[in-house]
Structures are given as C-alpha cells and as structure tokens.
Amino acid sequence: MTDNRFDPSLSDGRWQRAWEDGGTFTADSDADKPKSYILEMFPYPSGRIHMGHVRNYTMGDVLARFKKMSGYEVLHPMGWDAFGMPAENAAMEKKVHPGAWTRSNIEGMKAQLKRIGFALDWTREFATCDPEYYGHEQALFIDMYEAGLVYRKSSEVNWDPVDMTVLANEQVIDGKGWRSGAEVEKRKLDQWFLKITDFAEELLAGLGELEHWPDKVKLMQENWIGKSTGLEFSFALSNGEKLPVYTTRPDTIFGASFCAIAADHPIAQGLSENAAVAAFIEECKKGGTTAAELETAEKLGFDTGITARHPFTGEPMPVFIANFVLMDYGTGAVMGVPGHDQRDFEFATKYQLPIARVVAKDVAQADAPMGDEAEAGDGVIVNSDFLDGMSVEDAKADVIAKAEQGGWGEGTTVWRLRDWGISRQRYWGTPIPFIHCDSCGIVPVPKDQLPVTLPEDVDFETPGNPLERHATWKHCACPKCGGEAVRETDTLDTFTNSSWYFLRFASQPADAPFDPEEIAKWMPVQHYIGGIEHAILHLLYARFWTRALAHIGKFEVKEPFAALFTQGMVTHEVYYRMKRMDLSESKDAAVLDGYYSPDEVIRASDGATLKTDGQPVEVGRVIKMSKSKKNVVDPDAIIADYGADAVRWFMLSDSPPERDLPWSEAGIEGCWRFVQRLWRLFGQIDDSAKGEDKALARKAHQAIVAVAEDIEALSFNKAVARIYELTAAAEKAESGEDRNFAIRTVMHLIAPMMPHLAEEAYAKLGHDTLIADAAWPEHDPAMLVEDEVTIAIQHKGKLRDTITAPKGAPKESLEALALASEKVQRSLDGAEIRKVIVVPDRLVNIVT
RNA sequence: GCGGGUGUGGCGGAAUGGUAGACGCCGGGGACUUAAAAUCCCCUGAUCCUAUAGAUCGUGUGGGUUCGAGUCCCACCACCCGCACCA
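### Quick word on the confidence of the model for chain A
So, point 1. Looking at chain A as a whole, its pLDDT mean stands at 90, while 95% of the residues score no less than 70.
So, point 2. For this predicted complex, the interface score ipTM comes out at 0.94, alongside a pTM of 0.92.

### Regarding the side chain of His 756
So, point 1. With respect to the helices, strands and loops of the structure, His 756 is situated in helix 23 (residues 755-764).
So, point 2. Within the local environment of His 756, its side chain forms a polar contact with the side chain of Gln 16, the two groups lying 2.9 Å apart.
So, point 3. When near neighbours in sequence (up to four residues on either side) are disregarded, His 756 contacts Phe 6, Asp 12, Trp 15, Gln 16, Trp 19, Ile 116, Gly 117, Ala 644 and Asp 645.

### Describing the packing of aromatic side chains
So, point 1. Summed over all chains, the structure comprises 48 aromatic pairs.
So, point 2. Ring centres 5.5 Å apart and planes at 45° place the aromatic pair Phe 83 and Tyr 134 in the tilted group. Linking Phe 83 in the loop between strand 2 (73-75) and helix 3 (85-94) with Tyr 134 in helix 5 (residues 131-146), this pair joins segments that are 51 residues apart in sequence.
So, point 3. Here Phe 83 falls in the buried class, since its relative accessible area comes to 1%.
So, point 4. Consider the rings of Phe 280 and Phe 302, whose centres lie 5.8 Å apart with planes at 35°: the pair is tilted. Of this pair, Phe 280 sits in helix 9 (residues 275-286) while Phe 302 sits in strand 11 (residues 301-309), and the two are 22 residues apart along the sequence.
So, point 5. Aromatic ring contacts, followed pair by pair, group Phe 42, Phe 126, Tyr 133, Trp 500, Tyr 501, Phe 502, Phe 505, Phe 514, Tyr 528, Phe 555 and Phe 561 into a single cluster.
So, point 6. The ring of Phe 193 is capped by Lys 153, whose NZ or CZ atom sits 4.8 Å from the centre of that ring.
So, point 7. Here Arg 416 stacks its cationic end above the ring of Trp 224, 4.3 Å away from the centre of that ring.

### Focus: the environment of Glu 156
So, point 1. Locating Glu 156 in the fold gives a position in strand 3 (residues 150-160).
So, point 2. Through-space distance from the C-alpha of Glu 156 to that of Gln 191 is 9.1 Å; in sequence the pair is 35 residues apart.
So, point 3. Not counting residues within four places of it along the chain, the set of residues in contact with Glu 156 comprises Lys 186, Arg 187 and Lys 188.

### Section: helix 2 (residues 51-69)
So, point 1. The terminal C-alpha atoms of helix 2, which comprises 19 residues, lie 27 Å apart, in line with the 27 Å expected from a rise of 1.5 Å per residue.
So, point 2. Counting buried positions along helix 2 gives 18 out of 19 residues, so the element sits mostly inside the fold.
So, point 3. Remark: Gly 71 follows helix 2 within two positions and exhibits a positive phi of approximately 100°.

### Digging into the pattern of salt bridges
So, point 1. Taken as a whole and assessed by the stated rule, the structure comprises 45 salt bridges.
So, point 2. Among the ionic pairs, Arg 48 bridges to Asp 634, the shortest N-O distance being 3.4 Å. Placement of Arg 48 in the loop between strand 1 (35-40) and helix 2 and of Asp 634 in the loop between strand 30 (616-624) and helix 18 (635-652) is noted, with a sequence separation of 586 residues between them.
So, point 3. Here Arg 48 falls in the partly exposed class, since its relative accessible area comes to 43%.
So, point 4. The partner of Glu 125 in a salt bridge is Lys 110, and the shortest N-O contact between them spans 2.7 Å. With a gap of 15 residues between them, Glu 125 in the loop between helix 4 (98-115) and helix 5 and Lys 110 in helix 4 connect regions that are remote in the sequence.
So, point 5. Here the salt bridges do not stand alone but share partners, grouping Glu 202, Arg 543, Arg 547 and Glu 559 into one network.

### Side note on the sheet that holds strand 34 (residues 835-839)
Across a sheet, paired strands are connected by hydrogen bonds in the backbone, their directions being either parallel or antiparallel.
So, point 1. Ordered in space as 33-32-35-34, the 4 strands form an open sheet in which the pairing is mixed. The open sheet terminates on both sides in strands that have one partner only, identified here as strand 33 (798-806) and strand 34. Geometrically, the sheet is characterised by an average inter-axis angle of 20° between neighbouring strands, direction not taken into account.
So, point 2. Summarising the sheet, strand 34 and strand 35 (residues 843-847) pair through 5 bridges and their orientation is antiparallel. Bridging from a neighbouring strand, Lys 835 pairs with Val 847 of strand 35.
So, point 3. Most of the contacts of helix 24 (residues 811-820) go to strand 33, to which it runs at about 130°, and overall it touches strand 32 (788-795), strand 33, strand 34 and strand 35.

Rules of the game
- Residues numbered from 1 in each chain as written.
- Chains lettered and ligands numbered in written order.
- Predicted model: local features only at pLDDT ≥ 70, side-chain atom pairs only at ≥ 80, totals over all residues.
- Heavy atoms only, no water.
- pLDDT = per-residue confidence, 0-100.
- Helix = DSSP H or I, 4+ residues; strand = E, 2+ residues; numbered from the N terminus.
- Polar contact = N/O pair within 3.5 Å; in protein donor to acceptor, adjacent residues only side chain to side chain.
- Contact = heavy atoms within 4.5 Å.
- Phe/Tyr/Trp six-rings, centres within 6.5 Å; stacked < 30°, edge-to-face > 60°.
- Buried < 20%, exposed > 50% of the residue type's maximum accessible area, 1.4 Å probe, protein only.
- Lys NZ or Arg CZ within 6 Å of the ring centre and 35° of its normal.
- Expected span 1.5 Å × (residues − 1).
- Salt bridge = Lys/Arg side-chain N within 4 Å of Asp/Glu carboxyl O.
- Pairing = 2+ DSSP bridges.
- Axes fitted to C-alpha atoms, helices over the stretch in contact; angles between N-to-C directions.

Below, the structure written as structure tokens:
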C-alpha cells in the first residue's frame, strides 16, 4: 500500500485474519476480569446479510470492542435462528432440502459478517437446527413438562390454509397469517401449550425492574399481558341456569339494565336450534376483524327472551346475544351498564334499554341527565342504594366484599395473555419429544434417547406436515411398555428456539443445555440489541423461558436482558415511474409502472434519472429498505467499494441509533473521505517534534471522557461528532508532543468503530500488539477543566456580546466586565438597570 | 377509540432552563493542477440594511411560568408506532 492512502482491500482481510488467528475475541469465562455479555438478536439465515443487520451488529460490535478496551472480559457471540418456514418454502419452490438451503445460507452470511470485521467469538457459534442444540431444547421441554408447565388440550386454533399450519395469536395480524397473508380459519386440534399464564403476574411485575429497557417496549408488554381486576359473579336466569359474568366496574352494578353473551357462548349455542338464533350467530361471525371494520361495526343484539335477576334489586333484565362480546375474554358474558360504558351505551340506545346514571360528579348531580355518550370517568356513586356517596374505588371494594360474603361472586384477576400454543404441523422445527402409546398414553422420550432428530428423506411436493406422511419416522416402541407407538409429529414454534439461545451461547457443555455456574458468570446479557418488531413476541417468550427455567431450579437468573436497545431501520428513498392508463390528461389516470433500484439511477441534487435512458424518474419517500420497493443497497457491494470501516462509520453517524437511518451515496462518500483523512493524520505523528499545545491536549482529554460516555449510552452519533471535532483540531495544530498525543487519542477512540484502519495505523507506529487489545486511553481529570470560559451577555433576553473571563471569576467582576462592553452599553442606551443576573462561567443577563 | 412517540436550516441531526443550529451531507466561492481526480481554505437559517458593522424574526400552532424556554406547564395541529368491541 502507498503511504498516503488507506487500502481496505488489503488491510481489512489482514486484520480480520489477525483477530481470528489470535483468538482476540474468544471469551474466557475463567478470566479474572469483570464480565460483559453483549448480544445482538441472532439472524434468520434467509440468504443475505442486509443493511439492517449491518447496523444492528455494528452497534453491538462497537460496544463489545469498547468494553474490551475498558478492561472487561467480553462475550459477544453469534449464531443462527435457523428453523422456520422460509426454509420449507424454499424447499417447495427450489426443490432443495431445507437443511441444505439453510446451511448454505449460513455459510454465505457468515462470510459476509466476517468481511465487516465484527469482534465475534465464533467458537461459540451454533445454529438452532443443529441436532445438538434442539436436542437440549427437547430435554428442557421435557423438564418443563415434568414441572407441569406443558399441557395438551383440544382447542380451536388459528389455521393458516396456505402454510397449512397453526399460528399463535401473536402471528395473526388483522385476521391474516403473519407470513402468508392468508385469511385465518378456526379449527379444533389437539395442541401442545406452555403455561405462560402461570407467569403472567411475574412477567408483569418483572417489567418494573427493567430500568434499562425502553418504556415503549415495557408498555407494549404490559398491554399484551393485560391485567385487569374486577368481580366475577353469576346471574340467576329465568330458565333456571346460571350466567357467570366478569366486570371491572362492580361499582356500577345498580346501573345494569341488560346482560349480553357472546355468539359462541354455550347458552347461545344451546338456543341455536331456533332458526332466528342460528341466523344471528352466523351474522355475528361474518363481521370483519380489520381495524376499520371494527371501528364502524354496529352493535347488534338478539333478545333471547331469557331474563337475568339483578343480585341486589331482584329486577329482571333481558339477556341478549351480542356481536361485541368476546367468548375468549372473561366469561364470555357481561352485564350491560349503558350509563358508564360506551359499548353498552350504544347497544342500549339501539335497543331502547334503560340508561341509568349511577356515577356523578357529586351527590347533587345524581339526577343530571345523561349526555349522548357514556361517562366512564371517576366520581361518586349515586342512585345505588347502599353505595350512594361512595367513591368509585370504595364502591368496587364494597360490592366485591358483599358478593364474597354472600357467596355469589368473588374478586378476580383476568389476563389478556393466553397460554402459548407451540404446536406446529411443520417439518423444519424441533420435534416435540413425546410418544403416543395406546396403553400408556403420552410418554416423554427418555433423555438418553435425545435428540429426536428430523428424518432427512422427506418430500415437500404435497402441503401439510412431512413428518406425518413419512413412511417410518413416527413409528417407534413405547419407552414404557415396549409396545407399538407413534411419535408426536408436531414441531415446536420457532420462537421456542430463540427463547433460550442466549443461555447456550454463555455455556455449552455437551451433556446438558448449559452449566449453571457458567450462566451465573455471564448472565444477564448486559446489552441486548435488536429490532422493535420483537418488542412483544420474542422478548416476552425469552423472559418467560428464563423465569420458567429459574422456577424449576436450573439457575438463579430471572431476567435475561438487563438492558434492551431497539435500533431504527435503515431506509432509502424509492425511485419509480408512473404510466398513464388512458389518453386523458388527468393525473389520477396514472398508475405505477415500476420501481428502480438505486444502482439503476443517477441521483442529482434536483432529481434523478435512469441510467439506461437518461430520462427522469420520480423520487419517492424515504422508507425501510425492501426488495419489493427495490430501494435496497447491498452491503457487499458497498464494502467492496469503500471497505468495512467506511460502512461501519456510516452506520454510526448522524442519526441517533433508535431512529431510522437514511442511506445515501453522498453519505458513504463522506465516510470514505474521513477514513482517508484519518489515515493522513495518523501518518503525521512525529515523535521528534517538540512543542506544547495545551488547548489541544485539553480537547483530547475531554474527548476521551465524552466519547466513552457516548458509547456507553449508545449515542454513537454524538461520539462520532466529537471525534470529528478532535480530528479537525489535531489537523490544524502545530506539530509537537501534544499534537502527537491528540492523534494517538483519535486512533484509540476510533478503534471500536473503524477497527481495521486503527490496527493498520497502530501497526505502522511500530506496535507488534493489536489495538483491539489496547486499553482505552486514560484521561487526566485536571485537563478536563477549562481555565478560560466564554460568558454570554444578554439584555432584553437577547445576546448582545460575549466576553472571555477566567473560570470561576466572581460575580462582581463578571458584572463589571459585562457593563464595560461597548455593545452592551449601546443596547442599554442609558436605560435604568433594575437587576443583573449572573450565572458564574455562563452568562450575565441585564434586566432594564 | 385507547396508549405511546415525534415535530429544530435544503437534508440527517446537536443543545444539564442559560450564546439555537455542534458535527455530517448537499450547495456556493476560491487555491493547487495543462486538465481532471484527490486535497486544502472560505461562505452557507430567513428578512431588512446606510452592508467587514448593525437590526428584526426564527425550534409545528396558540397561550402561560421565568431575568431567561427548543427544553417546564396548559390547549391544539400534523405525522409515526403499538393495541383494539378486553367488559
């Protein structure tokens, strides 16, 4: 390489090999240093690394390298979330085995990651489709079964007719399969479940201790868990049956004027011999589930003719089948209090049921007429017999107490969270390690027979579960009685695989899923970084597995991730053309003709043209990179042009990490220029030069502290800005000891961010060790303090002048200096000074 | 509908209640060069202006607290995200 130009095509590989050969980033759990576990959400091996991965892993990498330089033993592993439907889809489309497809993708993506120079401990790499990994998962699953956390039940499931599989509630979006987009159907199947609801209270309470998680994510989980407290009680019905209902507002019980049950409630079903009832139930099922449809859906009811007896007044109330009552929440039946619940209000208005006021602002307002909507707010109870005058809270407690004393109801907690249905009728997943025996029932596979491995010879020509169709795989002997039996052919939801992988990274004995002593050394993960799209599913399941495993005595850790960071997406503007459908001039007649990728387009400051024909293309919004919009930039191509460090620097610059990062060609060019600028600067260290530059030295010491703080806070964009400032100051400075110090400081500060450049420069200075192993520079606290400060002088709230004063100058002298300013005097223009506010080392504000 | 977030130059964005626009990108001007690339220097919120000076306005809108508000409070607007008939 030439001296005045940094050549990443030579340097990147050289240092990547040096780190690998030296085991630089291999974590030693026996090291006598404080430990730090840095983890990014592991990728699904879909084929290629994309910019989103690069951004995610660059952030973790900077943290990991910085922690190492700061004296920590760092665990920064990588692996593959390798089970999942894309592999099966590929198998169907391309006629390759899911395993072969997955392995080849892993190989390619691993090479891509290495090309970016991530400080990963590859010795701990695994894929969740490795029999060793999923075998341990099967063992843990059996442990959970034995602890009573796994059960089977016949249940209505979300059936995806395209993927031919069951979906979790979380995987159904607006009534459609999250992956296939197909309309989801209801089916009854025998399913395996994990008792996540046993941990609902814990998972909710645990959120309170997660100080370093984004509030947004905690709130989303809180809403998902959905705790509510209230009263469950039964109405006596005119047909002799009992109708259990659940309410969060027992205080409004005197305002109840009807009952409503879900269309699939047993009582409704029992009446369905009546054609009118059956027709109404059918009508309720038709309603769409999209946001817009629900918003506008009219409240519909069918009067069953049955009446319910009010527990206090004894009054009969009509019982309706209603389309707005959900069977799978509470008891599937509600008491309708139209005055204080908006849905009940709409319903009562439509069917002309009484709307009584039982909550008012104060007792004097007891007879105030109701408006045109329900009053859900706080107040005092009125028109409610013994509750009159009580606060809402007191009345709730009182009614619950009365119900419990009277034995007709009890205070209960209801959760929105459902148990986790983990059965998938799919091939490419962890086989559920159980055997069905006609005489012994359900029998776990003995642990010494684990792993239950997937058969290799499967076909994907027909939809459905290949394990079910396989000629021999499912047939086996019962471990208990030795008779003929069949294996469970369901596999575990892929979210299971990602629910404990961080434990396996921390510790990987051959004969157990993990070693509790090693777990104790590394867990919890100190920084967990990934996309916001996992705010609920993955993060809740991982928290559940960790708690469940702790519950059955596997280790002490309760929460897996001490700090969570959700990074923004990498975005790019879209390029497209419209075409006209007809000859009219109306712009509305134009429809999308097609999208163009950034490398098909020449982008100028005032627009964009297509390379092939030189004609303009439309420049659209800046949105998430996606193949369908063609606004993707391939990391490999960029790295080939600019090297790994320029790309890494781009990922860290400008946008705060939690926000979206707009990719731009100009931006990466700028990063490339900075790489070369640093290279020239690093070449200017001259140890023979003499000369002081206290201001520069001070800047360098301040940067050491500030950049460290910024990295710890993951404010990479701020760290980048400070490094630019120090670089510019060092460039301008006269050569001498302090300049050399400043340049060496820059070299160390950029080492976590641009490690190849830093290593190359470090080696050029004659070091035969790695800068990756070097210590973060020490700072001199005395050098952090300026001895001169700039003081702002304000008058009438505006800046009039600035003066330079020694740090810590007394108020009186600052005031005198301020008043001595000619500009200030001009602004004052002889006005009478009423007050002077002096903030030491900051400003003087003169009030007239 | 409920909950949460965001709003600052042409763009990405800085700013413990104390000099708004750090830093980067774009743009303009200049130096070097036969030329280009590369590099370096200067300018770059708006308006006014008697123009190296000076003034006014300016952080979504309208109020408020304060000597002083991008920052705190109240009301509103726009956009984004999550949940959604959850009793």
